[in-house]
Amino acid sequence: MSPCRSFRTPNPVNLAFFSVITLLAVIGLPWYWMTVGVSSAEWALFWWFVIATGMSITIGYHRLFAHRAFKASRIITFLSLFFGAAAFEQSALMWASQHRDHHRFVDTPLDPYSIKQGFWHAHMGWMLFWRQETDYSNVRDLAADPLVAHQHRYYLPWAITAGVLLPLALGALAGHWLGALILVVAARLTFVHHSTFCINSVCHTFGRATYDIDATARDHWLVALLTFGEGYHNFHHRFASDYRNGVRWYQWDPSKWLIMLLSWVGLAKQLYRVSPQAILAARMAAEQLRVERALAQRTDTEIGEFLQAVRERYAKVKSALNDWERWEKESRKLRAAVRERSQDAAETFRLAARERRLAFERARRQWTNLINRSPLIPRTVHVSAAALIVLPGVCGILR
Ligand SMILES: [Zn+2]
Ligand SMILES: [Zn+2]
């Protein structure tokens, strides 16, 4: 499959579109607010459209279409396409094709919004001063869906109906069509656009590389707050098919929570989750690499011996983790097979897997203590010492 090709040439349609909505938002909104005033009905409509269109991009365009991280019912597919079109970020097919290229060719000239071409280019310069020739061969699976194909073919009618006519009609019903135009169309689009664009610019520049220290993608909580959970971009680039971006219980990822909620009521299924052990392995590999690179900077005589000790402990943690993962899988299978005959036998397998987990936690603590208590290691390179507590339900640390 051939990637999307880009050519440097101004895009007059996009330049005009972004100029009009930006001017309407930054000049029109303060003027309207001061002269007419913004009613609570207009604010409610604004926030409702921010949430509906923003989450149609994160849950629909991104996790459902671009990454196929779960399967959705037809009504969810339709709503994602309808309110996704209202976000004016192109058709789902084009968005997904360019996004798959972003993951596949990240940071190369074939990445449509490569951060290597600069912060502004990744943010929105790629749409204003570049023309993309999208090759749809990487989204054949999506094009086979008649709804997705229809939204792509008739994108403008979809976008104008959902993103302009609907807010105007609702605004007119509340007696504020001008307020709806300024607030719910222009200001809402400006807000949703720039928060989405921050993922390609801010999240490829600032934040923490938790799972892959050489990736430009970073985890940034503030962007997660603005984008319904998409800011954990280092995790996302490492595990792109996972339906979660904020994988820990305290990370703000309402898109993940809504997908879970949809699955509980039967509107989504086959939510793809990377195993907790694979996530831990990536996180520890990143931490170990960071430690090794920090040590490589130093010339102290005892470095060689210390590095050897760290490597040995890390090898033990990895082996304990592999053992736990193997037992976890085995015990799940065996438990299912024997449960009908004997609850006691099933419990034995569960306890055996738990033993492996505790052995891993012990090995991890020894590795963590060796690194974090050494004067040779700067605080910024300390490895995560948080206890591995697996809580049930939505609070599970690695749910
Ligand atoms: Zn990215
Ligand atoms: Zn992605």
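Just so you know, these numbers come straight off a predicted model, no measurement behind them. (Residues numbered from 1 in each chain as written. Chains lettered and ligands numbered in written order. Predicted model: local features only at pLDDT ≥ 70, side-chain atom pairs only at ≥ 80, totals over all residues.)

The next thing to look at is the overall build of the chain. Scanning the chain from terminus to terminus reveals 15 helices and 4 strands. C-alpha extents for the chain along the principal axes are approximately 70 × 60 × 45 Å. Relative to its full complement of 399 residues, the chain shows a buried share of 40%. In the chain, 69% of the contacts between residues at least 6 apart in sequence involve partners at least 24 apart. (Helix = DSSP H or I, 4+ residues; strand = E, 2+ residues; numbered from the N terminus. Buried ≥ 20, exposed ≤ 12 C-beta atoms within 10 Å, placed from the backbone. Contact = placed C-beta atoms within 7 Å.)

With that out of the way, let us pick up the packing of helix H1 (residues 12-35) against helix H9 (residues 177-201). Taken N-terminus to C-terminus, the directions of H1 and H9 make an angle of 130 degrees; their axes are 8 Å apart at the nearest point. As far as their axial angle goes, H9 and H1 are oblique. The handedness of the crossing between H1 and H9 is left-handed. Touching Ile-21, Thr-22, Leu-24, Ala-25, Gly-28, Leu-29 and Tyr-32 of H1 are Leu-178, Gly-179, Ile-182, Leu-183, Ala-186, Ala-187, Leu-189 and Thr-190, all from H9. (Axes fitted to C-alpha atoms, helices over the stretch in contact; angles between N-to-C directions. Parallel < 35°, antiparallel > 145°, perpendicular 65-115°, else oblique. Left-handed = near helix turned anticlockwise from the far one by under 90°.)

Right, let's talk about helix H7 (residues 146-153) for a bit. For an α-helix, 3.6 residues make a turn, and residues three or four places apart therefore share a direction. Among the residues of H7, Val-148, Gln-151 and His-152 are the ones counted as buried. In a view along the axis of H7, the buried residues occupy a sector of 100 degrees, so they form one face of it. Structural note: H7 exposes Pro-146 and Arg-153 on the side pointing more than 90 degrees away from its buried face. Of the surrounding elements, those touching the buried residues of H7 are helix H3 (74-86), helix H4 (92-104), helix H6 (140-143) and helix H8 (155-173). (Arc of directions from axis to C-beta.)

A separate point is the domain arrangement of the chain. If you check the domain split of the chain, you get domain 1 (5-269) and domain 2 (276-395). The centre of domain 1, based on its C-alpha atoms, is set 36 Å off from the matching centre of domain 2. Of the residues lining the interface, 10 residues belong to domain 1; the matching set on domain 2 comes to 9 residues. Looking at the side of domain 1 that touches domain 2 residue by residue, the classes come out as 7 nonpolar, 1 polar and 2 charged. (Domains from an automatic or database assignment. Nonpolar A, V, L, I, M, F, W, Y, C, P; charged D, E, K, R; others polar.)

All right, on to the nonpolar core then. If you look at the biggest cluster of nonpolar residues, it comprises 46 residues, and the most contacted ones within it are Ala-92 and Ala-96. Counting only elements with at least two residues in this core, the list comes to H1, helix H2 (40-66), H3, H4, H8 and H9. With residues up to four places along the chain from it excluded, the contact list for Ala-92 reads Gly-60, Tyr-61, Phe-65, Leu-81, Gly-84, Val-148, Gln-151 and His-152. Counting 30 residues, the second-largest nonpolar core is a separate cluster that includes Ile-199, Tyr-211, Phe-235 and Trp-367. (Core = buried A, V, L, I, M, F, W, Y, C linked by C-beta atoms within 7 Å.)

Right, let's talk about the environment of His-176 for a bit. Mapped onto the secondary structure, His-176 falls in the loop between H8 and H9. Using a count of 23 C-beta atoms within 10 Å as the deciding quantity, one classes His-176 as buried. Along the primary structure His-176 and Lys-318 are separated by 142 residues, whereas in three dimensions their C-alpha atoms are 61 Å apart. Among residues more than four places away in sequence, those in contact with His-176 are Ser-39, Ala-41, Glu-42 and Gly-171.

Next up on the list: the environment of Val-36. Along the polypeptide, Val-36 turns up in the loop between H1 and H2. For Val-36, a count of 13 C-beta atoms within 10 Å corresponds to the partly exposed category. As a C-alpha pair, Val-36 and Leu-178 span 142 residues in sequence and 10.0 Å in three-dimensional space.

What follows concerns the packing of H8 against H9. For any two helices packed against each other, the geometry comes down to the angle between their axes and how far apart the axes lie. Relative orientation of the contacting elements H8 and H9 amounts to 140 degrees, with a least axis distance of 8 Å. Judged on the interaxial angle alone, H9 and H8 are oblique. The interaxial crossing formed by H8 with H9 has right-handed handedness. Within the contact between the two elements, H8 uses Gly-163, Val-164, Pro-167, Leu-168, Leu-170, Gly-171 and Ala-172 and H9 uses Trp-177, Gly-179, Ala-180, Leu-181, Val-184 and Val-185.

Moving on to H4. Look at H4: 18 Å from first C-alpha to last across 13 residues, which is about the 18 Å you get at 1.5 Å a residue. Judged by how many residues are buried, H4 sits mostly within the fold: 10 of 13 residues are covered. If you check which residues of H4 are buried, you get Ala-92, Leu-93, Trp-95, Ala-96, Ser-97, Gln-98, His-99, Arg-100, Asp-101 and His-102. Looking at the buried residues of H4, the elements they touch are H2, H3, strand S3 (130-133), H6 and H7. (Expected span 1.5 Å × (residues − 1).)

The next subject is the confidence of the model for the chain. Averaged over every residue, the pLDDT of the chain is 91; the share at 70 or more is 95%. Considering only residues more than four positions removed or in separate chains, one finds that residues 389-399, a stretch of pLDDT under 50, has 18 contacts. (pLDDT = per-residue confidence, 0-100.)

Along the chain, Ile-57 turns up in helix H2. Owing to 27 C-beta atoms within 10 Å, Ile-57 belongs among the buried residues under this scheme. Spatially, the C-alpha atom of Ile-57 lies 8.5 Å from that of Thr-196, the residues being 139 residues apart in sequence. The residues contacting Ile-57, other than those within four sequence positions of it, are His-62, Gly-84, Ala-87, Glu-89 and Thr-196.

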